[in-house]
Amino acid sequence: MTSRKCLVLRKEVARFLTFYCKTPKPLDPENVVILNGCSAVFSALAMVLCDPGEAFLVPTPSYGGFAFSTHLYAKVKLVPVHLESQVSANGYPFQLTVDKLEHALLRAKIEGKKVRGLVLINPQNPLGDVYSQDSMMEYLEFAKKYNLHVIVDEMYMLSVFDEAITFHSVLSMKSLPDPNKTHVIWAPDFCISGFRFGALYTHNREVASAMSCFGYLHSISGIAQYKLVKWIDNIYLPSYHFRLQEAHRYVTRKLKASKVPFLNRGSGLYVWINLKQYLDPCTFEEELLLHRRFLDHKLILSPGKTFMCKEPGWFRLVFAARPHLLRNGEWS
């Protein structure tokens with residue numbers, strides 16, 4: 001795209017994120033980098049921040065596409081920070097703590113891996129958890145302590161449909177422990193992946209400059225994306241949240257009636273469900289067989305192993321679909 005179109009789009013994205021992320025001051029368009037999708041942004045960022053063979057910490061279960069994206073250009077490895085469904089005292093299932101980050105980092109060092117950063121998704125995919133400001137600050141302080149970059153994927157920030165839940169963007173924090181090593185990724189999270197659009201916001205001008213070079217390979221249509229942002233802002237959001245609420249209510253009601261355990265969260269496009277009772281024995285091999293039986297009946301439930309989940313039997317069920325499709329899935 002031409003430099004003028006690119007500037008117009010970066011200004012619009014900066015304005016958009018300033019408003020929805022509730023930033024303390026207006027975001028600078030010069031710190032915005034736009035490529036054709038979040039995977040492109042993440043892959044390019046891994047190459048900019050790391051040398052081949054270095055690694056990122058990733059709490060799991062987590063979006064499975066990270067493994068491909070980090071390896072594609074930079075040959076960067078992922079070090080899983082395994083979270084467990086068992087609830088500890090005063091905790092909740094799959095809770096991320098600094099202790100777990102510490103243990104994973106120590107294990108990586110013992111194995112000879114050089115960790116350069118921490119990857120977080122907020123709201124989380126596939127769990128649906130929304131991190132509190134206090135928790136996020138703890139993770140950022142951990143990263144600063146060990147001189148790590150932090151990549152925060154906030155793609156689903158506008159898919160928090162439960163009014164009782166408040167999402168706090170990293171960009172809303174008045175004081176970051178290490179601003180130059182904190183990088184935020186965002187894209188329109190409205191089941192429109194065909195619109196290849198991904199944005200990075202970083203206070204680090206050197207990173208932004210290096211990332212912008214990837215526009216040669218991963219550019220987008222400036223006019224189309226500019227109009228897309230306007231459409232999202234003024235037309236789509238109100239009906240989007242209502243539809244998510246209705247679909248989530250329908251699916252979770254059916255899960256309860258079927259006595260299927262699940263994480264009841266109020267964000268994202270999916271529910272993390274526990275189907276261990278249908279695995280005999282409870283192994284990843286049986287999990288894959290159950291996944292294939294779903295496919296035979298035209299249902300796509302993503303198995304936990306694709307999200308690097310430590311425990312077999314968990315699946316991600318996407319509920320962001322029209323009502324008649326959800327009903328068809330029920331009878332499949």
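The structure this text deals with has already been given above.
So, here is what we can say about the structure in this document. (Residues numbered from 1 in each chain as written. Predicted model: local features only at pLDDT ≥ 70, side-chain atom pairs only at ≥ 80, totals over all residues. Heavy atoms only, no water.)

1. Things to note about the overall build of the chain
Of the regular secondary structure elements, the chain holds ten helices and ten strands. For 332 residues, the compact-globule formula gives about 20 Å, and the C-alpha radius of gyration of the chain, at 20 Å, lands near that figure. Expressed as lengths along the three principal axes of its C-alpha atoms, the size of the chain is roughly 55 × 50 × 35 Å. Out of the 332 residues belonging to the chain, those deemed buried represent 52%. The contacts in the chain between residues at least 6 apart in sequence include a share of 71% that link residues at least 24 apart. For the chain, the distance from the average site of its 39 positive side-chain charges to the average site of its 29 negative ones is 5 Å. (Helix = DSSP H or I, 4+ residues; strand = E, 2+ residues; numbered from the N terminus. Rg over C-alpha atoms; globule rule 2.2 N^0.38 Å. Buried < 20%, exposed > 50% of the residue type's maximum accessible area, 1.4 Å probe, protein only. Contact = heavy atoms within 4.5 Å. Lys, Arg positive; Asp, Glu negative; His and termini not counted. Charge placed at Lys NZ, Arg CZ, Asp CG, Glu CD.)

2. Digging into the pairing of strand β7 (residues 198-202)
Within β7, five of the five residues are buried, leaving the element largely enclosed by the surrounding structure. Of the two faces of β7, the one holding Gly198, Leu200 and Thr202 and the one holding Ala199 and Tyr201 are both buried throughout. With four bridges joining them, strand β1 (residues 32-35) and β7 adopt antiparallel strand pairing. When the bridges of β7 are listed, Val32 appears paired with Tyr201. Sheet analysis places strand β6 (residues 182-186) next to β7, joined by four bridges and oriented antiparallel. In the strand pairing of β7, Val184 is matched with Tyr201. (Pairing = 2+ DSSP bridges.)

3. Points about the packing of aromatic side chains
All told, the structure shown has 17 aromatic pairs when counted by the stated rule. Here Phe42 and Phe56 contribute two aromatic rings whose centre-to-centre distance is 6.2 Å and whose plane-to-plane angle is 55°, an arrangement assigned as tilted. Taken as a pair, Phe42 in helix α2 (residues 38-49) and Phe56 in strand β2 (residues 55-60) lie far apart in primary sequence, 14 residues in all. Residue class for Phe42 comes out buried when judged on its relative accessible area of 2%. Taking the relative accessible area as the measure of exposure, Phe56 reaches 0% and is therefore buried. Ring centres of Phe161 and Phe319 lie 6.0 Å apart, and the angle between their planes is 85°; this geometry places the pair in the edge-to-face category. (Phe/Tyr/Trp six-rings, centres within 6.5 Å; stacked < 30°, edge-to-face > 60°.)

4. Concerning the environment of Ala67
Summarising the element assignment, Ala67 is placed in helix α3 (residues 65-72). The spacing of Ala67 and Asp28 is 39 residues in sequence and 31 Å in space, taken between C-alpha atoms.

5. Notes on the pattern of salt bridges
Considering all chains together, one arrives at eleven salt bridges under this definition. Its salt-bridge partner being Glu84, residue Lys310 comes within 3.1 Å of it at the nearest N-O pair. On the criterion of sequence distance, the pair formed by Lys310 in the loop between β9 (302-303) and β10 (314-318) and Glu84 in the loop between β3 (77-82) and α4 (98-110) is long-range, its members being 226 residues apart. Exposure remark for Lys310: the relative accessible area of 44% places this residue in the partly exposed category. Residue class for Glu84 comes out partly exposed when judged on its relative accessible area of 36%. Residue Glu311 is joined to Lys276 by a salt bridge in which the shortest nitrogen-to-oxygen separation is 2.9 Å. With Glu311 in the loop between β9 and β10 and Lys276 in the loop between β8 (270-274) and α9 (284-296), this residue pair connects regions lying 35 residues apart in the sequence. Classification of Lys276 as partly exposed rests on a relative accessible area of 27%. One network of salt bridges, in which partners are shared, links Glu54, Lys114 and Arg116. (Salt bridge = Lys/Arg side-chain N within 4 Å of Asp/Glu carboxyl O.)

6. Focus on the nonpolar core
With 79 residues, the main nonpolar core has Leu57, Met136 and Ile273 as its most contacted residues. Broken down by element, the residue count for this core peaks at eight residues, all from helix α8 (residues 222-257). Setting aside residues no more than four positions away along its own chain, Ile273 makes contact with Leu255, Val260, Pro261, Phe262, Leu301, Gly313, Trp314, Phe315 and Leu317. Counting residues in each nonpolar core, the second largest holds 27 residues, with Leu45, Val58, Ile121 and Ala208 among its members. (Core = buried A, V, L, I, M, F, W, Y, C linked by side-chain atoms within 4.5 Å.)

7. With respect to the sheet that holds β2
Across the sheet, seven strands lie side by side as β1-β7-β6-β5-β4-β2-β3; this open sheet has mixed pairing. Sheet topology places β1 and β3 at the edges, where each strand pairs with a single neighbour. Adjacent strand axes in the sheet meet at a mean angle of 25° when their direction is disregarded. This element, α2, spans β1, β2, β4 (115-121), β5 (149-153), β6 and β7 of the sheet and lies at about 160° to β6. Contacting β2, β4, β5 and β6, helix α5 (residues 133-145) runs over the sheet at an angle of about 170° to β4. (Axes fitted to C-alpha atoms, helices over the stretch in contact; angles between N-to-C directions.)

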